[in-house]
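Listed below are the residues making up each chain.
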Amino acid sequence: MPTALSLNVLVERWPIAGAFTISRGSKTEAEVVVAELDDGLYRGRGECVPYPRYGETAEGVSAAIAALAPQIAAGLDRAALQGLLPPGAARNALDCALWDLAAKRAGRPVHELAGLSPPAPQVTAYTISLGSPQAMAEAAARAARRPLLKVKLGQPGDAARIRAVRAAAPGAALIVDANEGWTADSLAANLAACAEAAVTLVEQPLPAADDAALAGFRHPIPICADESVHDRATLARLAGKYEAINIKLDKTGGLTEALALADAAERLGFTLMIGCMISTSLAIAPALLLATRARVVDLDGALLLARDRPHGLRYDECRVHPGGAELWG
């Protein structure tokens with residue numbers, strides 16, 4: 001018979017293949033936190049990525065998860081969890097672990113438990129890190145056969161960067177992520193350069209605290225909220241500023257809220273993008289359940305690692321394929 005749930009929290013570091021650079025800095029490894037729930041017969045796992053942009057650290061996230069050990073032993077469920085932790089990485093790890101455990105106990109995949117369509121292979125964006133125009137052009141040339149490239153911008157000289165990437169990858173669709181790196185003064189010129197390069201979507205051009213400047217601003221390319229949207233409570237203020245939202249489970253606090261956010265966003269007319277942090281396949285697998293609803297899928301986080309965990313998702317030249325129950329769900 002199953003016993004009371006036990007909790008194990010792990011901090012893991014996974015090397016990145018090269019370096020990953022955005023407007024806020026560069027890193028060479030992904031630091032993730034894994035929550036494991038064990039009832040003596042079955043084990044459920046969830047992975048999250050603490051994000052300093054939101055004041056998160058591996059130590060703080062681990063402590064927040066560990067503090068719920070008594071409630072977990074007493075039978076904490078997903079519904080109760082939503083009120084115990086705020087949206088963020090800690091709740092994501094536990095929420096996904098609870099989904100995984102429920103699937104293992106039921107002998108049914110998470111998509112069936114949630115009433116979702118089965119996950120399917122998805123074309124995913126591939127990230128070109130921020131660098132000099134020449135360096136970004138070289139990276140884009142190596143990835144030019146991929147159908148969708150995500151170009152990191154957000155520093156002075158971005159017009160030259162996007163022109164260089166477009167010249168190096170003339171056949172790829174391009175989306176741009178400025179990671180809050182532009183200003184109201186540089187917005188029009190940078191968007192014009194993106195339009196000239198046939199960019200199809202621009203993510204979070206302005207700091208979340210300054211995105212009021214987007215209200216009523218006529219722009220030639222759809223704009224997607226990332227840092228400005230976390231969960232359903234943050235949706236209402238986006239109207240009139242953005243056409244799309246980027247859903248990441250580390251922002252929503254797990255699959256449970258991500259599903260509810262997707263429903264609410266679609267009712268309000270927002271296009272969906274499904275994104276991720278740099279992580280192993282354990283964190284990407286739950287996000288894949290939302291990918292069939294998204295116009296843009298950006299789930300290359302595990303592809304950017306030097307190595308993935310066992311039973312990881314399979315990436316071919318341009319697609320990410322669902323994994324098996326050995327990984328998650």
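This is a predicted model, so every value here is computed, not measured.

## Some details on the overall build of the chain
The number of helices and strands found in the chain is eleven helices and 14 strands. On C-alpha atoms alone, the chain measures out to a radius of gyration of 19 Å, which is about the 20 Å that the 2.2 N^0.38 rule sets for 329 residues. Each principal axis of the C-alpha distribution contributes one length, and for the chain these read about 65 × 40 × 35 Å. Looking at the chain residue by residue over its 329 residues, the buried ones come to 54%. Taking contacts inside the chain between residues at least 6 apart in sequence as the whole, the part at least 24 apart equals 65%. Accessible surface, the chain as shown: approximately 13,000 Å² in total, 54% of it carbon and sulfur. Each charge sign in the chain was given a centre, from 32 positive and 36 negative side chains, and these centres are 3 Å apart.

## Some points on the pattern of salt bridges
Taken as a whole and assessed by the stated rule, the structure comprises 21 salt bridges. Across the pair Arg108 and Glu112 runs a salt bridge whose closest N-O atoms are separated by 3.2 Å. Shared partners join several salt bridges into a network, and the residues in it are Lys150, Lys152, Asp177, Glu203 and Asp298.

## Some words on unusual backbone geometry
At Asn179, a residue that is not glycine, the phi angle is positive and equals roughly 50°. Along the chain, Asn179 turns up in the loop between β7 (173-177) and α8 (184-196). Look at Asn179 and you get buried, because its relative accessible area is 3%. If you check the backbone angles, Gln204 has positive phi at about 35° while not being a glycine. For Gln204, a relative accessible area of 0% puts it in the buried group.

## Brief notes about the sheet that holds strand β2 (residues 25-38)
Strand order across the open sheet formed by three strands is β1-β2-β3, with antiparallel pairing between neighbours. Every other strand in the sheet has two partners, leaving β1 (6-22) and β3 (43-48) as the edge strands with one partner each. The average angle at which neighbouring strand axes cross in this sheet is 20°, direction not considered. Looking at chain direction, β2 and β3 are connected through six bridges and run antiparallel. Note that in β3 the partner of Asp38 across the bridge is Arg43. Against the sheet, helix α1 (residues 58-66) touches β1, β2 and β3, its axis set at about 155° to β1.

## Topic: the sheet that holds strand β4 (residues 122-123)
Spatially, β4-β14-β13 is the arrangement adopted by the three strands of the open sheet, whose pairing is antiparallel. Where the open sheet ends on each side, the last strands, each with one partner, are β4 and β13 (314-315). Bridge analysis of β13 against strand β14 (residues 319-321) gives two bridges, and the strand direction is antiparallel. Residue Tyr315 lies in a different strand from β14, and its bridge partner there is Val320.

## Notes on the environment of Lys104
Along the chain, Lys104 falls in helix α4 (residues 89-106). Judged by its relative accessible area of 23%, Lys104 is partly exposed. Between the C-alpha atom of Lys104 and that of Gln204, which follows or precedes it by 100 residues, the distance is 38 Å. Setting aside anything within four residues of it in sequence, one finds Lys104 in contact with Tyr42, Arg43, Ala325, Trp328 and Gly329. Within the structure, Lys104 has its side chain in polar contact with the side chain of Asp100 (distance 2.3 Å).

## Thoughts on α8
An α-helix turns once per 3.6 residues; consequently, residues spaced three or four apart project the same way. For α8, built from 13 residues, the straight-helix expectation of 18 Å at 1.5 Å per residue is met to within 8% by its first-to-last C-alpha distance of 19 Å. Looking at α8, one finds that the buried residues are Leu187, Asn190, Leu191, Ala193 and Cys194. Buried positions in α8, seen along its axis, are confined to an arc of 160° and lie on one side of it. Pointing more than 90 degrees away from the buried face of α8 are the exposed residues Asp185, Ala189 and Glu196. Elements in contact with the buried residues of α8: α7 (158-168), β7, β8 (199-203) and β9 (223-225).

The rules we used
Residues numbered from 1 in each chain as written. Predicted model: local features only at pLDDT ≥ 70, side-chain atom pairs only at ≥ 80, totals over all residues. Heavy atoms only, no water. Helix = DSSP H or I, 4+ residues; strand = E, 2+ residues; numbered from the N terminus. Rg over C-alpha atoms; globule rule 2.2 N^0.38 Å. Buried < 20%, exposed > 50% of the residue type's maximum accessible area, 1.4 Å probe, protein only. Contact = heavy atoms within 4.5 Å. Areas by Shrake-Rupley, 256 points an atom, 1.4 Å probe, with all protein chains shown as cover. Lys, Arg positive; Asp, Glu negative; His and termini not counted. Charge placed at Lys NZ, Arg CZ, Asp CG, Glu CD. Salt bridge = Lys/Arg side-chain N within 4 Å of Asp/Glu carboxyl O. Pairing = 2+ DSSP bridges. Axes fitted to C-alpha atoms, helices over the stretch in contact; angles between N-to-C directions. Polar contact = N/O pair within 3.5 Å; in protein donor to acceptor, adjacent residues only side chain to side chain. Expected span 1.5 Å × (residues − 1). Arc of directions from axis to C-beta.

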